[in-house]
Amino acid sequence: MSARRLLTAGIAAALALGLAAVLAETIPLAERRSGFDFMSRETQAMQRDDMSNPGMLSVLEGAELWRTRIGKAGKSCADCHGDAAVTMAGVAARYPGFDAAQATAIDLAGRIEQCRTTRQDAPPLAREGRDALALAAFVAHQSRGMPITAGDDPRLAATLDTGRALYGRRIGQLNLSCANCHDDNWGQKLGSAPIPQAHPTGYPIYRLEWQSLGSLQRRMRNCMIGVRAESYAYGAPEFTALELFLMSRAGGMSMETPGVRP
Amino acid sequence: MARALINLPATAKRGDIIEIRTLVQHPMETGFRPLPNGSLVPRHIINRFECIYDGATIFAAELHPAIAANPFIAFKTIATRSGELLFRWTEDTGEVREERATITVT
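Residues numbered from 1 in each chain as written. Chains lettered and ligands numbered in written order. Predicted model: local features only at pLDDT ≥ 70, side-chain atom pairs only at ≥ 80, totals over all residues. Heavy atoms only, no water.

Caption draft 1: Highlighting the pairing of strand S6 (residues 72-78) of chain B. Residues and elements named next belong to chain B. Burial along S6 is one-sided: the face carrying Ile-73, Phe-75 and Thr-77 is buried and the face carrying Phe-72, Ala-74, Lys-76 and Ile-78 is not. Pairing geometry for strand S3 (residues 17-24) and S6, over 7 bridges, is antiparallel. Considered in S6, the bridge of Arg-21 is made with Ala-74. (Buried < 20%, exposed > 50% of the residue type's maximum accessible area, 1.4 Å probe, protein only. Helix = DSSP H or I, 4+ residues; strand = E, 2+ residues; numbered from the N terminus. Pairing = 2+ DSSP bridges.)

Quick look at the structure:
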């Protein structure tokens, strides 16, 4: 008991010293695995084949939205950004990024939203709505196969630390942190479902349980409800910080958007 | 009804067995799912799928409420002659969505 208390005190001290980076990243690089590897062979096949991956329907929908002129400005995404296959390649892999104007971290959905309201002068899209997800899926799909580079921006260091702290903080009536499952017990079962390592490689994902596309924030909300904690609101800075930490933790892994998950 | 994805070989030899795969976007709402206020989400499903090739219905399926959203249907047929394949999904409401694809048979 006293040894555990000592350990807890030690961890607290380390956090205070800002050494959390060393402790939080407990999964060795060689052992990192995408959620894809934890799925059944059938679900893997479903993701691999663009013809059977239901997320591709949303990507197609996003491609259409990309070309649609909207808002008072009468501009489409393509009018400024051109061919997404060129201009958006690798973009989702480096998000959440830094928004210089507001001096905060901004996630991909937030950036699309911002572009839409300021440059297209159009009403914002509902955060987890079909159109917002379709556009995010289309943009992120352009980075498929590219390595995740998010979190490299030094201006995001503070947000990254916040995300890391949130990841390690115990929450909810079950008093569990993200790390309790995804760092300490990955590969084990929770009920009948394997616990993955929480690398956000395929977002927005088509989740079979949802029978629809959903964002990383929706997935995190799901986990928070699971540990009986109160979730943050969609687009909350805490969510962005967590997203940033998870993406940087998965740094170098390949993007899979649109992923299929059970 | 929204988008559909159809995959079949663009060309085939006469007599070849070809695989046709279709994925259609549809909520397949069962009619059993309650909303927070206790009322049910109205049933909204595709109840029939057909594929017509060379004037004949080569494949048909009846769909029921327990089928997941965005139904994926794959089947095989024999390539007989060049032409158009018609894919038809029919909803409960009678609304029909049709897609066409062509194949060249040599």
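Caption draft 2: Region of the structure containing the packing of aromatic side chains. Residues and elements named next belong to chain A. Evaluation of the coordinates by the stated rule reveals 9 aromatic pairs over all chains. The interplanar angle of 55 degrees and the centroid separation of 5.0 Å between the aromatic rings of Tyr-167 and Phe-245 together place this pair among those described as tilted. A residue pair is termed long-range when its members are at least 10 positions apart, and Tyr-167 in helix H9 (residues 157-168) and Phe-245 in helix H12 (residues 237-249) qualify at 78 residues. Of the two residues, Tyr-167 and Phe-245, both sit in the buried class. The ring of Trp-210 has Arg-207 sitting right over it, with the charged end atom 5.1 Å from the ring centre. (Phe/Tyr/Trp six-rings, centres within 6.5 Å; stacked < 30°, edge-to-face > 60°. Lys NZ or Arg CZ within 6 Å of the ring centre and 35° of its normal.)

Caption draft 3: Molecular detail of the domain arrangement of chain A. Residues and elements named next belong to chain A. One can read the domain layout of chain A as domain 1 (18-49 + 147-261) and domain 2 (55-141). The centre of domain 1, based on its C-alpha atoms, is set 22 Å off from the matching centre of domain 2. Each side of the interface is counted separately: domain 1 has 25 residues, and domain 2 has 22 residues. The interface formed by domain 1 and domain 2 includes 0 salt bridges. Taken together, the connections running from domain 1 to domain 2 amount to 5 residue pairs in polar contact (both at pLDDT 80 or more). Take the side of domain 1 that touches domain 2: its biggest share by element is 4 residues, from H12. Considered class by class, the residues forming the side of domain 1 that touches domain 2 number 13 nonpolar, 8 polar and 4 charged. (Domains from an automatic or database assignment. Contact = heavy atoms within 4.5 Å. Salt bridge = Lys/Arg side-chain N within 4 Å of Asp/Glu carboxyl O. Polar contact = N/O pair within 3.5 Å; in protein donor to acceptor, adjacent residues only side chain to side chain. Nonpolar A, V, L, I, M, F, W, Y, C, P; charged D, E, K, R; others polar.)

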